Amino acid sequence: MNATQEKATTEGSLKQVIAHAKEYGFVFPSSEIYDGLSAVYDYGPFGVELKNNLKALWWKTMTQLNDNIVGIDASIFMHPTTWKASGHVDGFSDPMIDNKDSKKRYRADVLIEEHAAKLTPEAGLALEKELARLLEADDLSGVLALIVRENIKCPVSGTANWTDVRQFNLMFSTQVGSVAEDSSTIYLRPETAQGIFVNFLNVQKSARMKVPFGIAQIGKAFRNEIVARQFIFRMREFEQMEMQFFVRPGEEMTWYQHWKATRLNWHKALGIPENKLRFHDHEKLAHYANAAVDIEFEFPFGFKEIEGIHSRTDFDLKSHQEYSGKKQQYFDSEINQNYVPYVVETSVGADRLFLMTLCNAYTEELVGEGEQQKLRTYLKLNPAVAPIKAAIFPVTKKDGLPEKARLIFDDLRLDMKVIYEEKDNIGKRYARQDLIGTPFCIAVDYQSLEDDTVTIRYRDSTLQERIAIKDLKAKLMAETSFNTILSKL
RNA sequence: GCGGGAGUAGCUCAGCUGGUAGAGCGAUAGCCUUCCAAGCUAUAGGUCGCGCGUUCGAACCGCGUCUCCCGCUCCA
């Protein structure tokens, strides 16, 4: 651990990243003055800039670089039947049971299914049927009775000392209408995808889209997680960036592979090192999917999913067709056929993308020698997504330097987010910008008054070079443009 | 939800076996200083997470509660 001698560059632990995020205005706990609200967070002044940039980058990648992808913005509230059709009403609530000795929590249905697998095929099948009947009837005490009757034990403690079976519904519900009695229950969407599916024909017709084509959407979704933790990694209110890609039946695997590669590449282009990213194939597939893979990032707490790519088959559109009684078909004039398209989904957690970006950017470096040695903390953010693109400093606040700097600032602000500061010595000002990841600092000095040049100081190297003021904006625009990322795709 | 750990100024922490709060950094204002958290002056900021109890007296002891962190479980 004695790495103090060499120039050690380290990434932060999750704790450090959280502390940094709060201290420097990226992420605050929600309603903090009331002790916060579990698993809910607010984005601060620099956090919202960073997040907006990430969202804009994704949006442009999808809708600007692909002429067959268009966007929508659907509501959070949807007709309740939507969630019956999607399977969330039935499938999104889990019967849970705790073992009082081992303190472990299990899904009661999984426990019984695993037990059934050990029985003879006939007995196992009979048990599963019984379970299905009980679940269908929402008979939770019946499920417990079944566990007791079968003498199912906890794999850890080996005892059958169980709590009651309790239902955890992951969807938030609320009422429409001001009078409680007359109102009907509706849900806050647990995923944004259904807003796309129910608008499939609206979009296809109005934008005259031809299969294969995609619909992109960024929006909030809500899940009443039993356990929500790890900062903004798992929140009860979160933001998804989803693109549903509609393809001819039978061609879904080709597109699945295509989007898998394309999306991984996007994260790399953003500047995430290759060795911190990996694919993780799903062995157990969701009810709607015939193939699924996660793109995982190595967070301080391990490799975790940031994006999912799913081949959702025609499950959703078919289901909506059934429940709504409205045909969800597409006429493919190339092959002269009507069909319900298959869907390949790419779904990024915007907050996870944000957290990945922040974790990856957080850097601590020992600089200086001996007594002078100190820790330099900065955010190595990609300039294209950095909250502040440049800071403009007069080297002192007299002799007309502030006025000169102001002119540059007023010109730059028309094109990008910049900061002007003249308080404190310039080293302190550099350090403050490092902490929020500002990639460039522009210093106006006495030479600037004579020959209209300034120095530009680079965040990561702390090196400076002199540049003519007339060339400054073009350089900054080029260095901070989305183009620097998009051109790599 | 369960188990473990932790809550004192914006941050990092100090505060003895109970005697009603302090430091450094940071922030703000000013001075000084043309280049990497320098120096000087001043100011602001805390019902010690919250509640109840014990006590003449609680940051400190007891009980309860809330929040955060780590693990179990689940997912975008």
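Predicted model, so just to flag it, every value in this text is computed and none were measured. (Residues numbered from 1 in each chain as written. Chains lettered and ligands numbered in written order. Predicted model: local features only at pLDDT ≥ 70, side-chain atom pairs only at ≥ 80, totals over all residues. Heavy atoms only, no water.)

## What about the overall build of chain A?
Each helix and strand in chain A was counted, giving 17 helices and 24 strands. Projected onto its principal axes, the C-alpha coordinates of chain A cover approximately 90 × 60 × 50 Å. Of the roughly 24000 Å² of accessible surface on chain A, a fraction of 50% belongs to carbon and sulfur atoms. Of the side chains in chain A, 61 bear a positive and 69 a negative charge, and the two mean positions are spaced by 2 Å. (Helix = DSSP H or I, 4+ residues; strand = E, 2+ residues; numbered from the N terminus. Areas by Shrake-Rupley, 256 points an atom, 1.4 Å probe, with all protein chains shown as cover. Lys, Arg positive; Asp, Glu negative; His and termini not counted. Charge placed at Lys NZ, Arg CZ, Asp CG, Glu CD.)

## With respect to the side chain of N382
Looking at where N382 falls in the secondary structure, it is placed in the loop between β19 (374–379) and β20 (390–394). Side-chain polar atoms of N382 contact the backbone oxygen of L270, separated by 3.1 Å. (Polar contact = N/O pair within 3.5 Å; in protein donor to acceptor, adjacent residues only side chain to side chain.)

## What to know about the confidence of the model for chain A
Mean pLDDT for chain A: 87, with 91% of residues reaching 70 or above. Low confidence marks residues 1–8, where pLDDT is under 50. Its contacts with residues over four positions away, or in another chain, come to 9 contacts. (pLDDT = per-residue confidence, 0-100. Contact = heavy atoms within 4.5 Å.)

## What about helix α11 (residues 315–324)?
Buried within α11 we find D316, L317, S319, H320 and Q321. Lining the buried residues of α11 we find α3 (81–85), α8 (193–197), α9 (200–206), β11 (237–247) and β14 (302–313). Positive phi appears at G325, one or two residues downstream of α11, with a value of about 75°. (Buried < 20%, exposed > 50% of the residue type's maximum accessible area, 1.4 Å probe, protein only.)

## Describing the protein's contact with RNA strand B
R234, E305, R352, N425 and R432 are the nearest of the 50 residues found near RNA strand B. For RNA strand B, the backbone portion of the atoms within 4 Å of the protein, that is sugar and phosphate, comes to 47%. Here a sugar or linking oxygen of RNA strand B sits 3.0 Å away from a polar atom, N or O, in the side chain of E23. For the surface near RNA strand B, the element with the highest residue contribution is helix α14 (residues 426–436), accounting for 7 residues. Each residue belonging to the surface near RNA strand B can be placed in one class, and the counts come to 17 nonpolar, 12 polar and 21 charged. (Near = heavy atom within 4 Å. Nonpolar A, V, L, I, M, F, W, Y, C, P; charged D, E, K, R; others polar.)

## Things to note about the packing of aromatic side chains
Remark: the centre distance and the inter-plane angle together describe each pair of aromatic rings, the angle taken between the planes. This model, assessed by the stated rule, comprises 18 aromatic pairs. Pairing F393 with Y430 gives two aromatic rings, centres 5.7 Å apart and planes at 55°, and the pair type is tilted. Pair noted here: F393 is in strand β20 and Y430 is in helix α14, with a separation of 37 residues, a long-range link. Comparing F393 with Y430 shows no difference in burial state: the two are buried. Centroid distance F440 to Y458: 5.7 Å. Interplanar angle 80°. Geometry classified as edge-to-face. Taken as a pair, F440 in strand β22 (residues 440–444) and Y458 in strand β23 (residues 453–458) lie far apart in primary sequence, 18 residues in all. Using a relative accessible area of 3% as the deciding quantity, one classes F440 as buried. Residue Y458 is classed as buried on the basis of its relative accessible area of 18%. (Phe/Tyr/Trp six-rings, centres within 6.5 Å; stacked < 30°, edge-to-face > 60°.)

## Observations regarding the environment of D332
Residue position: D332 is located in strand β15 (residues 330–332). Of the residues examined, D332 reaches a relative accessible area of 3% and is grouped as buried. Sequence separation between D332 and R248 is 84 residues, and the spatial gap between their C-alpha atoms is 8.6 Å. Those residues in contact with D332 that lie beyond four places of it in its chain are R248, Q337 and Y339. Within polar-contact distance, the side chain of D332 engages the side chain of Y339 at 2.7 Å.

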